[in-house]
Amino acid sequence: MVKIYTLTLSPSLDSATVTPQIYPEGKLRCSAPMFEPGGGGINVARAITYLGGNATAIFPAGGATGEHLVSLLTEEKVPVETINAEDWTRQNLHVHVESSGEQYRFVMPGARLSEKEFHQLEEKVLAIESGAILVISGSLPPGVDTAKLTQLIRHAQGNGLRCIVDSSGDALLAALEPGNLELVKPNQKELSALVNRELSQPDDVRTAAQELVQSGKAHRVVVSLGPQGALAVDKTGFVQVVPPPMKSQSTVGAGDSMVGAMTLKLAQGASLLEMTRYGVAAGSAATINQGTRLCSLADTQKIVDYLASQ
Ligand SMILES: Nc1ncnc2c1ncn2[C@@H]1O[C@H](COP(=O)(O)OP(=O)(O)OP(=O)(O)O)[C@@H](O)[C@H]1O
Ligand SMILES: [Mg+2]
């Protein structure tokens, strides 16, 4: 079985609370906070665990918030490999306002990573056995520039790791520089920013994804299209997967669930179609739940069965 690891350079300890109304100045009484692990790669590893797979989350953990994050992952039975960081792991805050149904998501800057700490994380990555899959997901924290990410991917690939990337902006551009990525999953906006042009027609999206494959940047490109599902391209062709109509409660965690599901399928040697179906099913499964919850195995299986019967 191919081993799976995820790397999160900017993890977070997320807390979620509910308040009856929101207004300035006065005290906003909130419900007791619920804590949850956060950060791209960490959520990908959690989604893989929910789907019955196994993935080890590598990340920097700092201070008491870092310890809390590790204990939450241990409770969820997600294997972790951490390095001790001096800066405390950041805390994000989700507030659900009962009267309006609105969600406020306060996102703090990531904890700074020193040169030494980044190097320690890179050593963890370079100790992974050749042939394993490494998912790099999320933003870059202060202290880590894009050139460091490009180098880390070059070194990882040099050691025989198959790299999957889910990121945006300059980080995504830098991650594609070495070429030969196993899979990238931009959404339409991220792909448009990457190729530096508007993608208004469905054909535009396919052409842009095909360019990335043909230029050798990635073996597979899956463009996620929210409620429209996804368009996937590899060197043999392309597939489009549309989820069934459903009542979505919250799209938080859809992208991470999708990447987790597709990683699991890639590790099992699935085809482009099978991988994309499972990814769309898990992404859509994550939207059935309220709040920040990721995909469940039962919902994912139900949707994938529907997609396969179409
Ligand atoms: N409103 C929705 N209804 C049904 N399925 C959805 C909806 N939004 C997202 N999904 C599912 O989740 C997948 C990923 O969603 P999306 O394209 O929004 O990714 P993203 O922009 O990377 O999300 P994130 O904000 O989590 O990073 C989609 O391909 C789709 O299968
Ligand atoms: Mg995303």
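Keep in mind it's a predicted model, so treat the numbers as computed, not measured.

**Topic: the side chain of Thr 65**
Following the sequence through the fold, Thr 65 ends up in helix H2 (residues 63-75). A relative accessible area of 9% places Thr 65 in the buried class. Within the local environment of Thr 65, its side chain forms a polar contact with the backbone oxygen of Gly 62, the two atoms lying 3.4 Å apart. At a separation of 2.7 Å, a polar atom in the side chain of Thr 65 contacts the main-chain carbonyl oxygen of Thr 89. Excluding residues within four positions of it along the chain, Thr 65 makes contact with Leu 13, Trp 88, Thr 89 and Gln 91.

**Here we look at the sheet that holds strand E7 (residues 103-106)**
Pairing within the open sheet is mixed, and its four strands lie in the order E3-E2-E6-E7. Single-partner strands in this sheet number two, and they are strand E3 (34-38) and E7. Adjacent strand axes in the sheet meet at a mean angle of 25°, parallel and antiparallel pairs treated alike. By the bridge criterion, eight bridges tie strand E2 (residues 12-19) to strand E6 (residues 90-97) in an arrangement that is parallel. Looking across to E6, one finds that Val 18 is bridged to His 96.

**Overview of the domain arrangement of the protein**
For an interface, size is often stated in terms of accessible area lost upon the parts coming together. For the protein, the assigned domains read domain 1 (1-178) and domain 2 (182-310). Just the C-alpha atoms count here: the centres of domain 1 and domain 2 sit 20 Å apart. Taken together, the contact pairs 29 residues of domain 1 with 29 residues of domain 2. Counting the surface lost from both domain 1 and domain 2, the interface buries some 2600 Å², and carbon and sulfur atoms represent 68% of this. Counting the surface domain 1 buries against domain 2, the share from its top three residues, Leu 51, Ile 164 and Leu 176, is 26%. Taken together, domain 1 and domain 2 are joined by one salt bridge. One salt bridge in this structure joins Glu 182 and Arg 162, with 3.3 Å as the shortest N-O distance. Between domain 1 and domain 2 we count five residue pairs in polar contact (both at pLDDT 80 or more) in total. Looking at the side of domain 1 that touches domain 2, the elements that each hand over two or more residues are helix H1 (40-50), strand E8 (133-137), strand E9 (162-166) and helix H5 (169-176). In terms of residues, the side of domain 1 that touches domain 2 owes the most to one element, H1, which gives seven residues.

**Considerations on helix H9 (residues 272-288)**
Taking 1.5 Å per residue as the helical rise, H9 with its 17 residues ought to reach 24 Å, and the 25 Å between its terminal C-alpha atoms agrees with that figure. When you tally the buried positions in H9, you get 13 out of 17 residues, the bulk of the element.

Cut-offs used in this document
- Residues numbered from 1 in each chain as written.
- Chains lettered and ligands numbered in written order.
- Predicted model: local features only at pLDDT ≥ 70, side-chain atom pairs only at ≥ 80, totals over all residues.
- Heavy atoms only, no water.
- Helix = DSSP H or I, 4+ residues; strand = E, 2+ residues; numbered from the N terminus.
- Buried < 20%, exposed > 50% of the residue type's maximum accessible area, 1.4 Å probe, protein only.
- Polar contact = N/O pair within 3.5 Å; in protein donor to acceptor, adjacent residues only side chain to side chain.
- Contact = heavy atoms within 4.5 Å.
- Pairing = 2+ DSSP bridges.
- Axes fitted to C-alpha atoms, helices over the stretch in contact; angles between N-to-C directions.
- Domains from an automatic or database assignment.
- Buried area = accessible area lost by both parts, 1.4 Å probe.
- Salt bridge = Lys/Arg side-chain N within 4 Å of Asp/Glu carboxyl O.
- Expected span 1.5 Å × (residues − 1).

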